[in-house]
Amino acid sequence: MTAQSARARHELTRLVDALRIATRHSPDAAFVIDSEKTLQMANPHLCAALGRSEHELTGRPFDLSARSTDPVQVHAALATSLGGETARYRATGTMPGGDAFVAEVTLMPLRIDDEVVGVFGTSSNLTAIERHDREARRSDDLVRLAGRLARFGGWSVDADSGAIALSAGAREILGIDPALTEITALAWARFPDHDRTVMEALLHECLTAGSPFEIEAIMFSTTGDRLTIRTIGEAERDGDGRVVRAYGAIWDVTDIAAARERERALEARLSLTLNSIADGIIFAHADGVISFVNQHATELIRRTEVEALSVTLNELFAGDQGQGFRECFATALATSEQRAYRGVMFAPDYWIECTAFPTSDGLAVYVRDVTDDEHSRRVARHAQAQVEQQAALLDAARDAIIVRDLDYRVHYWNKAAEELYGWSRDEAMGRRVSELIYDDTAQLDRASAITMRDGYFADEVHQITRDGRQLVVDCRWQVIPNPDGDQTLILAVNSDITEWRREQDARRRAERMEALGTLAGGIAHDLNNMLTPILMSVQLLALDEEDAGRRELLASTETAVKRGADMVRQVLSFVRGVDGRRIEVNVDHVVDEFVAITRDLLPPGIDLTVTRARHLSGTIGDPTQLVQVLVNLATNARDAMDDSGHLTITADELDVDEGYLSVSHPAAPGRYIIIGVEDSGHGMTAEVQEKIFEPFFTTKPPGRGTGLGLATSLAIIRSHGGFMQVYSEIGHGSRFVVGLPVDAHGEREHEPPAESASALPRGDGDVILVVDDDDDISRVAAATLEANGYRTLTARNGREAIDLIESGAHSVDLVLTDMMMPVMDGAATSAYLEENHPNIPIIAASGFTAGSGSASIGLGIARFIAKPYTTSHLLTSIRDTLREHRSAGRVDDE
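Not measured: the values here are computed from a predicted model. (Residues numbered from 1 in each chain as written. Predicted model: local features only at pLDDT ≥ 70, side-chain atom pairs only at ≥ 80, totals over all residues. Heavy atoms only, no water.)

Chemist: Residue-level account of the overall build of the protein, with values.
Modeler: Regarding its fold elements, the protein presents 29 helices and 32 strands. Here the protein holds 894 residues, and 43% of them are scored as buried. Taking all contacts inside the protein whose residues are at least 6 apart in sequence as the whole, residues at least 24 apart take part in 56%. Total accessible area on the protein is roughly 46,500 Å²; 52% of this is exposed by carbon and sulfur atoms. (Helix = DSSP H or I, 4+ residues; strand = E, 2+ residues; numbered from the N terminus. Buried < 20%, exposed > 50% of the residue type's maximum accessible area, 1.4 Å probe, protein only. Contact = heavy atoms within 4.5 Å. Areas by Shrake-Rupley, 256 points an atom, 1.4 Å probe, with all protein chains shown as cover.)

Rendered as structure tokens:
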């Protein structure tokens, strides 16, 4: 025998003696096998199980003492462990008395100087657990079969009455008298309060939604026995699919639950064994998550068990001091070989040694206190590691972090500051921030004064980058003491909000433009009402004027009035921004962008469904405005659903015919691209639907809506020659439809050339009812019509007009009505006439200039003319309307 092997044998003997002492009181069998596969130690538990003393067992081959029915398995596991790896297997066999047993055996290699000199093994008796598991499985199968076939151990609950019925087997389990008929209250009383609440909830879900369930709960028999009952249930439906009852099976799994408790007790005994070992033991999975620490290990690592189990090995051995330990663990995992490392950890001058043993699912780490052997690391090194770690965290921050003194000189400059301002750390260190990132030092001085006065500063500051680019920065500055104690420093955390601020400013400008647009619209209406009688009077006077000079003056006046009307239209168009660009628009792209934005708008509780044609035709317009309109509709839909519901977007094409003109906000017949936005929200009343397109009307709470969204959207769509419609019912959500005309080569409407006085169309004695609250407009319009072959009647509002028609004193051939009047406006008047006098055509006029007259047609209105209108435009509109109306009447007669 060599000196080395003699020393190894001596060390093994010492190790065996230590393990004999450590496992003396272990509830599980423990033993040591040498490299020759003979037993060298057996603890009292193993000796008692085998009916032999330790002296009788020592020196015998292990496989002869194992009493296993599978010696091949025993040999393989022993060879694996002697090869340097932990082995685990489940053994079956017979005890000396002939009783069968099941045991879980674990074999761990013992090493001395990296040489495997033996095996340390433990054996846990699982016989009782295995028997109970087998019986439980058989019982589960029998009870499940009985519950389905013979209703043994069965139950049912009627959906209407809630009455509970139990089979004979179920009554026997719960100790309920078979003769009792009404047992509902008695059955529910078997549950403790908490378990009853859970069962009631599951049963309710089963009876209402048909949801099956399975639960294990505590129940008490009528004799007071505490039972663990497993219950399964499912719903029974009638021919109409309605749940009529819930039924299922119950079975007593009290013994199985007890077996589980005994298994947990075995685990507790194993933990007790490991805790009796003098050194620390840590088990960790391959990902480093710690699964077990014994009591001595918690003392060594200076953590409680809860704290240790909440971190990984790498987190436990963090920082520079833990680097060697982490590398040791990583190498042991990578090579499947034992590795050891010692160093300072957990406290200054506190040395430990860790030995990592690879296992089948991770590492077993033995921890020892070796402070008395090592004193080479100092506290300063640990502190330096913390400083470096903090610096790394600052460098990882997304905000620019700068530390400077009161003279503005830079003491610290992180990577985010390098990226934001363009100056590297080396270039910035020691220089003044006033030179690097400010072109207005007065702003810097004011902010610094506030910081020194209040100890903190938070506001927006304008700064510049190295290349001169202007920045808007959200600054949070804090006064901090210098670690050296000789001067005050300021910590600055700066966030770039340039783009956000630009967007906010643009949004405010848009809001101001919306408000200005509404104001301008009102002014335009009043101005156009004033210009209308002037323009028509000038044209009327010119008809009978023979003097050339006077005719020239009248022509100049007419030109000036038209120029004024055109200026009103231009100002309104500019302020509202309705016209926008007019280019060829790829509607597929518009819908794609709209859907993408909508997905970002919706909270998780709202589902989105998109149904669209494979390819949509193009249109002419402004794609940005179109997306704005659609996103506004999606935003309104989201707000109407309170964070939960369903939003549907549809896109298709439709041929709109004459029959489509009876709905509100219609369009002329033709082919349209139809985009729908439908929500499952609370819906709208008819009264609300009548007002939703009015400026400043909103149903949202104060501060959440301006009331301009739909009004602006409607103006935009009308300016594109399209239409908007809304369908809504209380409790059934709302559907908005946007119609855009299919691309007709982008041609714009042009005003027809002015007709000469001799070419003006004349009437044939037809009676025209002029309805306008402006007396000047009514008087001049009536005079113009009478001068051109018509007879006229006048009314100041819709109520007067209807009374005049209903009186029957006059036969009215056409109504020319203003849209905005007191008492009863043009929309209400036209709606009434369409309902009660559909044979009277209506022309609407308004001082609100519109981008597309056809967008206002509907509700019985045949044509729309914008104020101020010329004599030619008025007469032509009346002639064409009467002609179309009479032509349609002849077709109906035929």
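Chemist: Could you give an account of the side chain of T598, with specific residues and numbers?
Modeler: Among the structural elements, T598 can be located in helix α22 (residues 587–601). For T598, the contacting residues outside a window of four places in its chain are L608, A634, L647 and I649.

Chemist: Describe the packing of α22 against helix α23 (residues 623–640), with residues and values.
Modeler: Between α22 and α23, whose axes approach to 10 Å, the crossing angle comes to 35°. Handedness of the α22/α23 crossing: right-handed. When α22 is examined against α23, the residues V590, E593, F594, I597, T598 and L601 are found in contact with a partner set consisting of P623, L626, V627, L630, V631, A634, T635 and R638. (Axes fitted to C-alpha atoms, helices over the stretch in contact; angles between N-to-C directions. Left-handed = near helix turned anticlockwise from the far one by under 90°.)

Chemist: Tell me what's going on with the pattern of salt bridges, and back it up with residues and numbers.
Modeler: Between side chains of opposite charge, a pair can form as their charged atoms come close. Under the criterion given, the structure shown has 28 salt bridges. Residue R476 is joined to D399 by a salt bridge in which the shortest nitrogen-to-oxygen separation is 3.4 Å. Here R476 is found in strand β19 (residues 470–481), whereas its partner D399 is found in the loop between α15 (379–396) and β16 (400–405), with 77 residues between them in sequence. Linking R796 and D775 is a salt bridge whose minimum nitrogen-to-oxygen distance equals 2.3 Å. Here the residue R796 occupies a position in the loop between β29 (791–795) and α27 (798–807), and D775 occupies one in helix α26 (residues 775–787), the gap between them amounting to 21 residues. A relative accessible area of 42% means that D775 is categorised as partly exposed. Connected via shared salt-bridge partners are R88, R90 and E104. (Salt bridge = Lys/Arg side-chain N within 4 Å of Asp/Glu carboxyl O.)

Chemist: Got a sec to walk through the sheet that holds strand β28 (residues 767–771)? Specific residues and values, please.
Modeler: Spatially, β29-β28-β30-β31-β32 is the arrangement adopted by the five strands of the open sheet, whose pairing is parallel. Each edge of the open sheet carries a strand with a single partner, namely β29 and β32 (861–866). Direction aside, the axes of adjacent strands within the sheet are offset by 20° on average. Relative to the sheet, α26 contacts β28 and β29, its axis offset from that of β29 by approximately 170°. (Pairing = 2+ DSSP bridges.)

Chemist: Can you explain the nonpolar core? Please cite residues and give values.
Modeler: One finds I692, F693, M724, F736 and V738 to be the most contacted residues of the largest nonpolar core, which totals 38 residues. By residue number, the principal contributor to this core is α23, which donates eight residues. Residues in contact with F736, not counting those within four places in the same chain, are L633, I675, G676, V677, M684, I692, F693, L710, Q725 and V726. Among the nonpolar cores identified, the runner-up in size contains 25 residues, and A284, F325, M345 and L363 belong to it. (Core = buried A, V, L, I, M, F, W, Y, C linked by side-chain atoms within 4.5 Å.)

Chemist: So what about unusual backbone geometry? Which residues, and what values?
Modeler: Despite not being glycine, Y408 has its phi angle at roughly 75°, a positive value. Tracing the sequence through the fold places Y408 in the loop between β16 and β17 (410–413). Of note, the phi angle at V823 is positive, near 70°, even though the residue is not glycine. By the element assignment, V823 lies in the loop between β30 (814–818) and α28 (826–836).

Chemist: Any details on the sheet that holds strand β7 (residues 164–166)? Residues and values, ideally.
Modeler: With respect to topology, five strands assemble into an open sheet ordered β7-β6-β10-β9-β8, the strand pairing being antiparallel. Of all the strands in the sheet, just β7 and β8 (213–220) have a single pairing partner and so form its edges. Here the average twist between neighbouring strands, direction ignored, is 25°. Bridge analysis of strand β9 (residues 226–237) against strand β10 (residues 243–252) gives nine bridges, and the strand direction is antiparallel. Along β10, the bridge assignment pairs I229 with D252. In the packing of helix α9 (residues 193–209) onto the sheet, contacts are made with β6 (154–158), β8, β9 and β10, and the angle to β8 comes to roughly 145°.

Chemist: Break down the packing of aromatic side chains for me, with residues and values.
Modeler: Enumeration according to the criterion identifies 11 aromatic pairs in this entry. Each residue in the set F317, F325, F329, Y341 and F346 is aromatic and connected to the rest through ring pairs, giving one cluster. When the ring centre of Y350 is taken as reference, the NZ or CZ atom of R302 above it lies at 4.0 Å. Positioned over the ring face of W477 is R404, at 5.2 Å from the centre of the ring. (Phe/Tyr/Trp six-rings, centres within 6.5 Å; stacked < 30°, edge-to-face > 60°. Lys NZ or Arg CZ within 6 Å of the ring centre and 35° of its normal.)

Chemist: Please set out the state of the cysteines residue by residue, giving values where relevant.
Modeler: In protein structure, a disulfide is the covalent linkage between the sulfur atoms of two cysteines. Under the criterion given, the structure shown has zero disulfides. Among the cysteines around C328, which has no disulfide bond, C354 carries the closest sulfur, lying 7.1 Å off. On the basis of relative accessibility, which here comes to 7%, the residue C328 falls in the buried class. (Disulfide = S-S within 2.5 Å.)

Chemist: Residues and numbers for a nonpolar patch on the surface, please.
Modeler: Where nonpolar side chains cluster on the molecular surface, the patch consists of I523, L527 and M530 and spans about 260 Å² of accessible area. Summarising the element assignment, L527 is placed in helix α20 (residues 498–544). (Patch = residues over 30% accessible without salt bridge, like charges linked within 9 Å, V, L, I, M, F, W, Y side chains within 5 Å.)

Chemist: I'd love a proper account of the packing of α23 against helix α25 (residues 709–719), names of residues and values included.
Modeler: One can describe the packing of α23 onto α25 by two numbers: an axis separation of 10 Å at closest approach and a directional angle of 145°. Between α23 and α25 lies a crossing whose hand is left-handed. Each of Q625, L626, Q628, V629, N632, L633 and N636 in α23 lies in contact with α25, whose residues at this interface are G709, L710, T712, S713, I716 and I717.

Chemist: Residue-level account of the confidence of the model for the protein, with values.
Modeler: Interpretation of the predicted coordinates at a detailed level should be avoided for regions scoring low in pLDDT. Mean pLDDT for the protein: 80, with 80% of residues reaching 70 or above. Across the protein, element-level confidence peaks in β28 with a mean pLDDT of 94 and bottoms out in helix α6 (residues 127–148) with 54. In the model, residues 379–384 has pLDDT below 50 throughout and makes two contacts with residues more than four positions away in sequence or in other chains. Note that pLDDT drops below 50 for residues 850–856; the model gives that stretch 14 contacts with residues more than four away or on any other chain. (pLDDT = per-residue confidence, 0-100.)

Chemist: Describe the pairing of strand β1 (residues 29–34), and please don't skip the residues or the numbers.
Modeler: Burial of β1 is extensive: six of the six residues sit out of reach of the surface. Alternating residues of β1 divide into A29, F31 and I33 and A30, V32 and D34, and every residue in both groups is buried. As judged from the six bridges shared by β1 and strand β5 (residues 115–125), these two strands associate in the antiparallel manner. Note on β5: the bridge partner recorded for V32 is F120. Pairing between β1 and strand β2 (residues 39–42): three bridges, direction antiparallel. For I33, the partnering residue across the bridge sits in β2 and is L39. Counting the residues between successive antiparallel strands, the hairpin from β1 to β2 contains four residues, one of them, K37, with a positive phi of roughly 70°.

Chemist: Could you give an account of helix α19 (residues 441–454), with specific residues and numbers?
Modeler: Its 14 residues give α19 an end-to-end C-alpha distance of 20 Å, which sits within 8% of 20 Å, the value for a rise of 1.5 Å per residue. Every buried residue belonging to α19 is among Q443, L444, A447, S448 and T451, and all of these are buried. For α19, the buried positions fall inside an angular range of 130° around the axis, keeping them on one side. When the buried face of α19 is taken as reference, the exposed residues oriented beyond 90 degrees from it are R446 and R453. Where α19 begins, the side chain of D440 points an oxygen toward the backbone nitrogen of A442, at a separation of 3.2 Å. Backbone geometry just downstream of α19 places G455 in the positive-phi region, at approximately 85°. (Expected span 1.5 Å × (residues − 1). Arc of directions from axis to C-beta. Polar contact = N/O pair within 3.5 Å; in protein donor to acceptor, adjacent residues only side chain to side chain.)

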